[in-house]
Amino acid sequence: MELIERIKSIVIDTVRAMDLLDTGYATVVSASPLTIKIQATQLTVKEPVAVLTDNVRYRAVTIQGETVVLNSGLKAGDKVLYLKANSGQSYIVMAKV
């Protein structure tokens, strides 16, 4: 029984060390190419590591010949909520805050 408990402990520690998923706040440094600065670590992340969801992409539609902006997208200085995935291999910008 002691061996099984030790193996469980090793697996749990390994998964925690992998740091697979995390959230935090960042500031947009540049919208094109997308560059964000992570508040907690001051790390700067650029495309293609930093990616956008549809919640923060520029979107506009044309209705009866008039363009209506549904989402203005991101600009330098905007604060965003991100999701860190795959131990920092990807930073997914989820929303503007």
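Residues numbered from 1 in each chain as written. Predicted model: local features only at pLDDT ≥ 70, side-chain atom pairs only at ≥ 80, totals over all residues. Heavy atoms only, no water.

**Brief notes about the overall build of the chain**
What the chain contains, in helices and strands, is 1 helix and 8 strands. Along its sequence from the N terminus, the chain presents helices and strands in the succession α-β-β-β-β-β-β-β-β. Judged by the C-alpha coordinates and their principal axes, the chain covers about 75 × 30 × 20 Å. Of all 97 residues assigned to the chain, the portion counted as buried reaches 23%. A sequence separation of at least 24 residues applies to 44% of the contacts in the chain between residues at least 6 apart. Accessible surface computed for the chain: about 6900 Å², of which carbon and sulfur atoms make up 57%. (Helix = DSSP H or I, 4+ residues; strand = E, 2+ residues; numbered from the N terminus. Buried < 20%, exposed > 50% of the residue type's maximum accessible area, 1.4 Å probe, protein only. Contact = heavy atoms within 4.5 Å. Areas by Shrake-Rupley, 256 points an atom, 1.4 Å probe, with all protein chains shown as cover.)

**A look at the packing of aromatic side chains**
Summed over all chains, the structure comprises 1 aromatic pair. The interplanar angle of 55° and the centroid separation of 5.6 Å between the aromatic rings of Tyr-82 and Tyr-91 together place this pair among those described as tilted. (Phe/Tyr/Trp six-rings, centres within 6.5 Å; stacked < 30°, edge-to-face > 60°.)

**Section: the pairing of strand E8 (residues 90–96)**
In this sheet, E8 lies alongside strand E4 (residues 50–52) in parallel orientation, the contact comprising 3 bridges. What sits directly across from Val-51, in E8, is Ile-92. Sheet topology places strand E7 (residues 79–85) next to E8; 6 bridges connect them, and they run antiparallel. Each residue of the ladder has a partner; that of Lys-84, found in E8, is Tyr-91. Here E7 folds back onto E8, and the loop between the two strands holds 4 residues, one of which, Asn-86, carries a positive phi near 55°. (Pairing = 2+ DSSP bridges.)

**Re the pairing of strand E2 (residues 34–38)**
Along E2, 4 of the 5 residues are buried, which leaves the element largely enclosed by surrounding structure. By the bridge criterion, 3 bridges tie E2 to strand E3 (residues 44–46) in an arrangement that is antiparallel. Note on E3: the bridge partner recorded for Lys-37 is Thr-44. Linking E2 to E3, which pair antiparallel, is a turn of 5 residues; within it Gln-42 sits at a positive phi near 65°.

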